[in-house]
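Notes for the structure review
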Amino acid sequence: MAQSANTPNTTANANNVVVNPQSTTATTPKGGKALVRVVETRDMWAVVFDHTATLLAKAINGVAVTSEDIDGFAFGKKVSRNEETKELEVAAKRSLASKDQPNIHGYLYSLFAAFSSKKAIKHSKGTALETLDLEEVAKSVALGLWPKFNWSKNVGGAEPKQAKSLIAAVIAKL
């Protein structure tokens, strides 16, 4: 009589032949494409937050933001730790494709949305940012980085994140 196993991780004997219940396609998703490991770290997101605050402060001070300022973000770069100094250093020779960092641009867009939100306007009252049109400042930064930037498409649908802390960081950098 043939024996069978109920668990997917065991092998079973069926008619004196060893049968492995796992198929080779069990780990491959539909369509035959292998899973891609996302390479985004908290350090990269912190770099994006800090650099966005720096660029917003730069724009408020009247300094033009150019496309060379993109280099300050963690886009396309792996961040490694220097064991001796414990400081972050960006290893430019190890670059990443945008599919490896699918959420980091969306995070930047959500920061732009947060800077131009009602919550940011509320937290800017009584500060140096109170008289400014925060949305225009954020738009000038985005258009300085990418001249063909579509504000309504990219930032219009983004969920505002970290408005209060972004306002505080920009004020600290002024």
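Since the model is a prediction, treat every value here as computed from it, not as a measurement.

A few points about unusual backbone geometry
For Gln162, which is not glycine, the phi dihedral falls at a positive 60°. Relative to the helices and strands, Gln162 resides in the loop between α5 (151-154) and α6 (163-173). On the basis of relative accessible area, Gln162 is assigned to the partly exposed category, the value being 39%.

Points about the environment of Phe112
Its location among the elements puts Phe112 in helix α2 (residues 104-115). Its relative accessible area of 1% is what places Phe112 among the buried residues. Remark: the alpha-carbon pair of Phe112 and Lys139, spanning 27 residues in sequence, is separated by 8.0 Å. Leave out the neighbours within four places in its chain, and Phe112 touches Thr52, Ala138, Val141, Ala142, Trp151 and Val155.

Quick word on the confidence of the model for the protein
Mean pLDDT over the protein works out to 79, with 69% of the residues at or above the 70 mark. Contacts from residues 83-93, a stretch scored under 50 in pLDDT, to residues over four places away or in other chains number 15 contacts.

Details of α2
Helix length check: α2 (12 residues) gives 17 Å between terminal C-alpha atoms against 16 Å at 1.5 Å per residue, within 8%. Along α2, 10 of the 12 residues are buried, which leaves the element largely enclosed by surrounding structure. All buried positions along α2 are accounted for by Ile104, Tyr107, Leu108, Tyr109, Ser110, Leu111, Phe112, Ala113, Ala114 and Phe115. Here the buried face of α2 lies against α1 (42-60), α3 (118-124), α4 (134-145), α5 and α6.

The rules we used
- Residues numbered from 1 in each chain as written.
- Predicted model: local features only at pLDDT ≥ 70, side-chain atom pairs only at ≥ 80, totals over all residues.
- Heavy atoms only, no water.
- Helix = DSSP H or I, 4+ residues; strand = E, 2+ residues; numbered from the N terminus.
- Buried < 20%, exposed > 50% of the residue type's maximum accessible area, 1.4 Å probe, protein only.
- Contact = heavy atoms within 4.5 Å.
- pLDDT = per-residue confidence, 0-100.
- Expected span 1.5 Å × (residues − 1).

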